Amino acid sequence: MKKNAGRILTALLLTGTLAFGTAPGISAEKLTSENCYIYVSLDGVSVRKGPGTEYDKIGTIKKKGKVTYVGEKLDKNYIPWYKIKFKNGKTGWITSDFSRRYIKESALPEIEDAEEFISDGSAYGNILEQISASAEKYEAIGVQVSVIRGSDGEAFNWAYGWADYGSREMTVDSKMRSASLSKVATAICAVKMEEQGTIDLGKNIAKYWGIDIPKKISMKTLLTHTSTLYNLSPKASVEETAEQLKTSYSFNKKKKVGKSSSFEYNNYASSIAATTLELASGIPLEEYARDNLFSFLGGDLSYFPGNIKDTDKLITHYDYDHSVELLPETAKKMVFTGNIGDHSGNYIGGLTGSASDIAKMFSMLANDGVYGNNRILSETSVEALEKKYFTAKEYGGKFKQCLTLRYGSNFYGTKGIYYHTGNAYGIVSLASYDPVTKNTVVVMTSGAKQSRDKNGIYKICAEITKAAYKNIDKL
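Below is a summary of the structure that appears in this document. (Residues numbered from 1 in each chain as written. Predicted model: local features only at pLDDT ≥ 70, side-chain atom pairs only at ≥ 80, totals over all residues. Heavy atoms only, no water.)

### Let's talk about the overall build of the chain
The helix and strand tally for the chain stands at 12 helices and 24 strands. Over its C-alpha atoms the chain spans a radius of gyration of 22 Å, differing by no more than 12% from the 23 Å that the globule rule assigns to 475 residues. Here the chain holds 475 residues, and 58% of them are scored as buried. For the chain, long-range pairs separated by at least 24 residues make up 67% of all intrachain contacts whose partners lie at least 6 apart in sequence. When the 61 positive and 53 negative side-chain charges of the chain are each reduced to one mean point, those points stand 8 Å apart. (Helix = DSSP H or I, 4+ residues; strand = E, 2+ residues; numbered from the N terminus. Rg over C-alpha atoms; globule rule 2.2 N^0.38 Å. Buried < 20%, exposed > 50% of the residue type's maximum accessible area, 1.4 Å probe, protein only. Contact = heavy atoms within 4.5 Å. Lys, Arg positive; Asp, Glu negative; His and termini not counted. Charge placed at Lys NZ, Arg CZ, Asp CG, Glu CD.)

### With respect to helix H11 (residues 379–386)
Those residues of H11 that sit buried are Ser 381, Val 382, Leu 385 and Glu 386. Taken end-on, H11 shows its buried residues confined to a sector of 140°, consistent with a single buried face. In H11, the exposed residues that point more than 90 degrees away from the buried face are Thr 380 and Glu 383. Those residues of H11 that are buried are in contact with helix H2 (182–195), helix H10 (355–366), strand E22 (416–424) and strand E23 (427–433). (Arc of directions from axis to C-beta.)

### Overview of the environment of Ile 460
Secondary-structure assignment places Ile 460 in helix H12 (residues 459–471). Residues Ile 460 and Leu 327, spaced 133 residues apart in sequence, show a C-alpha to C-alpha distance of 23 Å. What Ile 460 contacts, discounting residues up to four positions off in sequence, is Ser 134, Ala 135, Tyr 138, Ala 140, Thr 445, Ala 448 and Lys 449.

### A word on a positive patch on the surface
The grouping of Lys 388, Lys 393, Lys 398 and Lys 400 at the surface amounts to a positive patch. Tracing the chain through its elements places Lys 388 in the loop between H11 and strand E19 (390–394). (Patch = residues over 30% accessible without salt bridge, like charges linked within 9 Å, V, L, I, M, F, W, Y side chains within 5 Å. Areas by Shrake-Rupley, 256 points an atom, 1.4 Å probe, with all protein chains shown as cover. Salt bridge = Lys/Arg side-chain N within 4 Å of Asp/Glu carboxyl O.)

### Things to note about the side chain of Ser 381
Following the sequence through the fold, Ser 381 ends up in helix H11. What makes Ser 381 buried here is its relative accessible area of 6%. In this view, Ser 381 contacts Val 191 and Glu 195; residues no more than four positions away in its chain are not counted.

### Remarks on the packing of aromatic side chains
A full pass over the atoms with the stated rule returns 16 aromatic pairs. Between Trp 162 and Tyr 165 the ring centres are 6.5 Å apart and the planes differ by 80°, which places this aromatic pair in the edge-to-face class. Judged by relative accessible area, which is 5%, Trp 162 ranks as buried. Through a chain of ring-to-ring contacts, the aromatic side chains of Tyr 78, Phe 294, Tyr 303, Phe 304, Phe 336 and Tyr 347 assemble into a single cluster. Of note, Lys 388 hangs over the ring of Tyr 407, and the distance from its end group to the ring centre comes to 4.5 Å. Stacked on the ring of Tyr 395, the Lys or Arg Arg 452 has its end atom at 3.5 Å from the ring centre. (Phe/Tyr/Trp six-rings, centres within 6.5 Å; stacked < 30°, edge-to-face > 60°. Lys NZ or Arg CZ within 6 Å of the ring centre and 35° of its normal.)

### Quick look at the state of the cysteines
The tally for this structure, following the rule as stated, stands at 0 disulfides. No disulfide involves Cys 402; its nearest neighbouring cysteine sulfur is the one of Cys 189, lying 18 Å away. This cysteine, Cys 461, is not joined by any disulfide, and Cys 402 carries the nearest cysteine sulfur, 20 Å off. What makes Cys 461 buried here is its relative accessible area of 0%. (Disulfide = S-S within 2.5 Å.)

### Focus: the pattern of salt bridges
Close approach of charged atoms allows side chains with opposite charge to pair. In the structure shown here, the tally under the stated rule is 19 salt bridges. When the shortest N-O distance is used, the salt bridge between Glu 264 and Lys 255 registers 3.7 Å. A salt bridge links Glu 394 to Arg 406, with the nearest nitrogen and oxygen atoms 2.9 Å apart. With Glu 394 in strand E19 and Arg 406 in strand E21 (residues 406–409), this residue pair connects regions lying 12 residues apart in the sequence. An identical accessibility class is assigned to Glu 394 and Arg 406; each is buried. When salt bridges that share partners are traced, they join Arg 100, Asp 319, Asp 321 and Glu 325 into one network.

### Overview of the layout of surface pockets
Here the second largest pocket is characterised by a volume of approximately 210 Å³. For the second largest pocket, the lining is made up of 13 residues, of which Glu 286, Arg 290, Leu 301, Ser 302 and Asn 307 are closest to its centre. Per-class residue counts for the lining of the second largest pocket are 4 nonpolar, 5 polar and 4 charged. (1 Å grid on protein atoms, 1.4 Å probe; cavity = no way out; pocket = protein on both sides within 12 Å on 5 of 7 lines; lining within 4 Å. Points joined across faces, edges and corners; volume = space filled by probe spheres on them. Nonpolar A, V, L, I, M, F, W, Y, C, P; charged D, E, K, R; others polar.)

### What about empty space enclosed by the protein?
The tally for this structure, following the rule as stated, stands at 2 cavities of 30 Å³ or more. Here the second largest cavity is characterised by a volume of approximately 30 Å³. As for the second largest cavity, its lining consists of Tyr 82, Ser 96, Ser 99, Arg 100, Arg 101, Val 324 and Glu 325. Those elements that place two or more of their residues in the lining of the second largest cavity are strand E9 (99–103) and strand E15 (324–326). Here the lining of the second largest cavity is composed, by residue class, of 2 nonpolar, 2 polar and 3 charged.

### Regarding the nonpolar core
Membership of the largest hydrophobic core comes to 80 residues, with the highest contact counts inside it found for Met 219 and Leu 365. The contacts of Leu 365, once residues within four sequence positions are left out, are Val 184, Ile 188, Leu 377, Val 382, Leu 385, Glu 386, Leu 405 and Tyr 433. (Core = buried A, V, L, I, M, F, W, Y, C linked by side-chain atoms within 4.5 Å.)

### Details of the pairing of E19
Of the two faces of E19, only one is covered, namely that formed by Phe 390, Ala 392 and Glu 394; the face formed by Thr 391 and Lys 393 stays uncovered. One ladder, built from 5 bridges, connects E19 with strand E20 (residues 397–401); its direction is antiparallel. Within E20, the residue paired with Ala 392 across the bridge is Phe 399. Hairpin remark: E19 followed by E20, antiparallel, with 2 residues in the connecting loop; positive phi at Tyr 395, about 50°. (Pairing = 2+ DSSP bridges.)

### Side note on the environment of Thr 330
Tracing the sequence through the fold places Thr 330 in helix H8 (residues 328–331). Taking relative accessible area as the criterion, Thr 330 reaches 4% and is therefore assigned buried. When the C-alpha atoms of Thr 330 and Ser 248 are compared, they prove to be 36 Å apart, with 82 residues separating the residues in sequence. For Thr 330, the residues in contact, after removing those within four places along its chain, are Glu 72 and Leu 74.

Have a look at this one:
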């Protein structure tokens, strides 16, 4: 798909459609060995009898390269495994951690070039022009943008490109995983539980786990990435995770809990935070978030793609090299099981919805805990989320680390924004709000190049966000 990158975009906009024609593409649900292959990216990748590490190893792929794709299944952690076939006819399974699925060049649909969009000088046209230009520059397959004007709460939404390359266009209602924007939803649930008296975010989490933990870590240190836990792989059950937490080998002995010098972005620590909330409340976080957050926003959000209301709106997730990261039919199988501690990885990157769904959540924070006629958080809880603990640096950028949120001064034409980025399954995202104007901007992309700007933020998201903040009050 890389060779065709300049020819893969189409725009679906509120003002009309800029399209290429209707050449049918490959149905994402019907990828076969005839139209795609698996590329193994490392030497010595293990081949197993079934889709998971619990199955016996039956061989090794000695050198990286192409292998024949047969099918795929999810393991108990919702990691896709690919069934592959060798020249001798034997089959086996390899993890997607070390391999990608590519559509064969010969199977790609022919799509005409998009017309260049030039703004008419209006605020709406200026944002639209930037979306179009950035999408083409960074070779995105699909883009969604949502802005909510803080002064009156009016929302504006755009969609650009493909939900399935060549066959199904992206719309403002298309659904995708938001990646690490999920962590903000988890932090919102955390301060809500503290507001309700369910948890104390400053207490040692050992109180809620009922085990001895080598270091005294709290929800605050987990949510500010200063717990000193190593960035381990989340386990599929609370019992397995507890075994990890009990050992000193899970912690960096050289670092001190809660210190700014211990800052290191940590997915595993975020998964521990999510499970701690479940243990403290006795309620699976998916259910708690639905009843205390998602239901008040009026959107279609879930930590589990298969649990959103309209799974037919799920997109195919493409990575930066346009390999297929996640199919709709696979995402539909990622469902909530109902057990505390199961699939904690979904709480760090699985939140699924549209850009407009995510924008409602961030707009609630911009408006001190209120969305529409619903007070979801107290002002005190929002202040807790926005508290600036220390200055951190990452990917060349500098920011204030808050309770999961980050704060950047003088970002993108504002005096400052609270924000979070996301990157998983090929989705690159940025959600932010200006606490002064109350304006909210969310950008979610699929298949885009992942270069970063001076703030450490993905350029495609940063450029569109800057245009949105510059023009939003004139919409």
